Amino acid sequence: ALRKVHAETKALASLVDELHDGEPCPLCGGADHPAPAHADAEKLHELEAKGKAAASAASQASADNLEAGRAEERARANLQAL
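Residues numbered from 1 in each chain as written. Predicted model: local features only at pLDDT ≥ 70, side-chain atom pairs only at ≥ 80, totals over all residues. Heavy atoms only, no water.

1. Here's the deal with the overall build of the protein chain
- Tallying secondary structure elements over the protein chain gives two helices and zero strands in all.
- In terms of overall size, the protein chain is more extended than a compact globule, its C-alpha atoms giving a radius of gyration of 24 Å where 82 residues would be expected to give roughly 12 Å.
- Reported as C-alpha extents along the three principal axes, the dimensions of the protein chain are approximately 85 × 20 × 15 Å.
- Out of the 82 residues belonging to the protein chain, those deemed buried represent 10%.
- Of the contacts made within the protein chain by residues no fewer than 6 positions apart, 32% connect residues no fewer than 24 positions apart.
- Of the accessible surface of the protein chain, which amounts to about 6,700 Å², a share of 55% is contributed by carbon and sulfur atoms.
- Positive and negative side-chain charges of the protein chain, numbering 9 and 14 respectively, have mean locations separated by a distance of 13 Å. (Helix = DSSP H or I, 4+ residues; strand = E, 2+ residues; numbered from the N terminus. Rg over C-alpha atoms; globule rule 2.2 N^0.38 Å. Buried < 20%, exposed > 50% of the residue type's maximum accessible area, 1.4 Å probe, protein only. Contact = heavy atoms within 4.5 Å. Areas by Shrake-Rupley, 256 points an atom, 1.4 Å probe, with all protein chains shown as cover. Lys, Arg positive; Asp, Glu negative; His and termini not counted. Charge placed at Lys NZ, Arg CZ, Asp CG, Glu CD.)

Set out below in structure tokens:
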């Protein structure tokens, strides 16, 4: 979800950069641009940081899950050895 919001924000920011008074909007074709949205650089950096943190947490969770599976296998082997 964060990737989608980030991508959409960057896409809108690039469209705003293309707006020029009297020229048609690349999105709607209108020649007037009374209140174009502006990308919030701080918000973009915040989204990027959250995305990196989420990816790191997912990677750690995957590693933890793998280790838990191995521990379960060792425990089962120890039980059968009894």
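So, next bit.
2. Describing the layout of surface pockets
- Volume-wise, the largest pocket comes out at about 220 Å³.
- What lines the largest pocket is a set of 14 residues, and nearest its centre among them are V16, L19, C25, P36 and A37.
- Tallied by class, residues from the lining of the largest pocket come to twelve nonpolar, one polar and one charged. (1 Å grid on protein atoms, 1.4 Å probe; cavity = no way out; pocket = protein on both sides within 12 Å on 5 of 7 lines; lining within 4 Å. Points joined across faces, edges and corners; volume = space filled by probe spheres on them. Nonpolar A, V, L, I, M, F, W, Y, C, P; charged D, E, K, R; others polar.)

3. Focus on the pattern of salt bridges
- Taken as a whole and assessed by the stated rule, the structure comprises three salt bridges.
- With its nearest N and O atoms 2.8 Å apart, the salt bridge here joins E72 to R76. With E72 and R76 both in helix 2 (residues 41-81) and four residues apart, the pair spans about one turn of that helix.
- Relative accessible area serves as the criterion here: at 42%, E72 is assigned to the partly exposed category.
- A residue is classified by how much of its surface remains accessible, and R76, at 52% relative accessible area, is exposed. (Salt bridge = Lys/Arg side-chain N within 4 Å of Asp/Glu carboxyl O.)

4. Focus on the environment of H33
- By the element assignment, H33 lies in the loop between helix 1 (2-17) and helix 2.
- The class of H33 is buried, set by a relative accessible area of 16%.
- A sequence separation of 25 residues divides H33 from E8, and the C-alpha atoms of the two residues are 19 Å apart.
- The contacts of H33, once residues within four sequence positions are left out, are L19, H20, D21, E23, P24 and C25.
- Among the polar contacts made by the side chain of H33, one reaches the main-chain carbonyl oxygen of E23 at a distance of 3.0 Å. (Polar contact = N/O pair within 3.5 Å; in protein donor to acceptor, adjacent residues only side chain to side chain.)

5. Topic: the side chain of H33
- Polar side-chain contacts of H33 include one of 3.2 Å to the backbone oxygen of H20.
- In terms of polar contacts, H33 uses its side chain to reach the backbone carbonyl oxygen of A31, at 3.4 Å.

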